[in-house]
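Each chain, written out:
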Amino acid sequence: MDVDEHNKRLKLELNAVKKKCTRISNKEILSFKLKDDGSTSEEIEAIIRKIIKYSVKTFSPNFHNQLFAGVDKYGLVGSWLTEVLNTSQYTYEVGPVFTLIEQEIINECLKLVDYPPTPDADGILCPGGSISNMYAMVMARYKILPDIKKKGSSAFPPLACFTSEEGHYSIMKAAHWLGIGTDQIYKIKTDELGKMIPTELRNAIKEAKSNKKLPFFVNATCGTTVLGAFDPLPEIAKICKDESLWMHVDACLGGTLLLCHSYRDRLSGIELSDSVSWNPHKMLGVPLQCSIFLVKGKKALHETNCAGAKYLFQQDKFYDVSYDTGDKSVQCGRKVDAMKFWLMWKAHGTIGLNLSVQVAMSAAEYFRDRIKYIDGFRLVLPNYECSNICFWYIPSSMRNKSETQEWWDKLSRVTTSIKEKMVLDGTLMIGYTPLPNKNLVNFFRMVVTCHPPPSHTSMDYAIKLFQRYGENF
């Protein structure tokens, strides 16, 4: 056996040992067992230290794995206050300050999307974007079939809803939970940039009608999960108006660009929608969770969701009961999530938030422009509208070779292997995904967020890591 072969085998053996070590049950590091007897203060402190040590550090400048990362320091203080004061937000009497804080956040967000002011539009803080999107579907269904609240879906024809093939999977879950059925979702084809094709939407609506289904809801996306694409809102709005359909905009990711003068035109037409979802806990860096649902219509949320519980929502209280928000919510107990965002906005001002988004987008564009001209990197798309940059890294051993299906299959495996090595070494955490509908094998999705503030240096560091790990194949 020659030296090179020996070294190769030794390296494989070392990697196998490393993998085995990482697969050791967490129970061998930290006991999760709950016992009859409590633990001492010293034991609890030791446990807390281990929890911190072995948890993923999402606040690291090298965490690019999800659509969220670190948190703003003022948002963190707001989160502490939320937990310390430990109150809910169904009535004004138990959360007077937080009720007014949420209303201020809602009012400012209505301005961001150019909706009418309250009471002609409204909003609510939700436990995540999936629930925000579900609110939209519930409200769209109630508008077209107000009797469904009493009679149930069996009294009406099958409904049909429409979303881009790049849209978030929460639309599928909402259709399941609401009894609409996932078979009633029409996934609209997208163009080469991942945007919904309006003509395909028109065709799908026509098809649904021919199948004796009742179209009621269109979900447009601003900032798709993978490619960060923005659907053409004005064209979709025109179709929805022609067909009398509810238009919802899932801006859970891309909605943050509304805060930045340089990029808000990418959401042009959002004001034509009936409802909007936005997650400031994603790109902006508000602590999880903070999801905002906005909707047009006077008392629309209340009319759709109210149940009139007499033990909570008495109409003869000593204060103005219009401040009670619980009956417009699907929840009873509801965390005061607006506090985190409000304190962050209060501290930085709209100008400061604008600057934060500008910095993040500038870093993402720098990363994109750099890898365009570096051997081994290949962009999935020529350009990106949000802070997601998708790409492959092609090792030098695979360059200038015929790109057969076997070649692409190997590149897909290389992508997962680079990710694995980075995670095991603790150098970088970044996600990857295939896009089967576009015949794209595994590629990396570099997500750049506002916190911690990214820099050209942190982008260069990531580039060098790909070059280092990628050349081992």
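In what follows, the structure referred to is the one given above.
First, a word on what this report is: a plain description of the structure on this page. (Residues numbered from 1 in each chain as written. Predicted model: local features only at pLDDT ≥ 70, side-chain atom pairs only at ≥ 80, totals over all residues. Heavy atoms only, no water.)

**Focus: the sheet that holds strand E8 (residues 291–296)**
And then number 1: Spatial strand order, E2-E8-E7-E6-E5-E3-E4: seven strands in an open sheet with mixed pairing. The open sheet has two edge strands, strand E2 (121–126) and strand E4 (185–188), and neither has a second partner. Along the sheet, successive strands turn relative to each other by an average axial angle of 20°, direction set aside.
And then number 2: The sheet contact formed by strand E3 (residues 159–164) and E4 spans four bridges and is parallel. Paired with Thr-163 across the strands is Lys-187, a residue of E4.
And then number 3: Where helix H9 (residues 233–243) meets the sheet, its contacts fall on strand E5 (214–221) and strand E6 (246–250), and the angle it forms with E6 comes to roughly 155°. (Pairing = 2+ DSSP bridges. Helix = DSSP H or I, 4+ residues; strand = E, 2+ residues; numbered from the N terminus. Axes fitted to C-alpha atoms, helices over the stretch in contact; angles between N-to-C directions. Contact = heavy atoms within 4.5 Å.)

**What to know about the state of the cysteines**
And then number 1: In the structure shown here, the tally under the stated rule is zero disulfides.
And then number 2: The closest cysteine sulfur to the non-disulfide-bonded Cys-290 is located on Cys-109, 8.2 Å from its own sulfur. (Disulfide = S-S within 2.5 Å.)

**Examining the sheet that holds strand E9 (residues 377–379)**
And then number 1: Spatially, E1-E11-E12-E10-E9 is the arrangement adopted by the five strands of the open sheet, whose pairing is mixed. Lying at the two open borders of the sheet, with one neighbouring strand each, are strand E1 (63–64) and E9.
And then number 2: The pairing of E9 with strand E10 (residues 388–393) spans three bridges and is classified as antiparallel. Counterpart to Leu-379 in the pairing with E10 is Phe-391.
And then number 3: Its contacts with the sheet put helix H11 (residues 338–371) on E9, E10 and strand E12 (440–447), and the angle it makes with E10 is roughly 25°.

**A closer look at empty space enclosed by the protein**
And then number 1: With the rule as written, the count across this model stands at one cavity of 30 Å³ or more.
And then number 2: Its volume calculated, the largest cavity comes out at about 80 Å³.
And then number 3: In this structure, the largest cavity is lined by 13 residues; those nearest its centre are Pro-61, Phe-63, His-64, Thr-449 and Pro-452.
And then number 4: When grouped by side-chain class, the residues that make up the lining of the largest cavity number eight nonpolar, five polar and no charged. (1 Å grid on protein atoms, 1.4 Å probe; cavity = no way out; pocket = protein on both sides within 12 Å on 5 of 7 lines; lining within 4 Å. Points joined across faces, edges and corners; volume = space filled by probe spheres on them. Nonpolar A, V, L, I, M, F, W, Y, C, P; charged D, E, K, R; others polar.)

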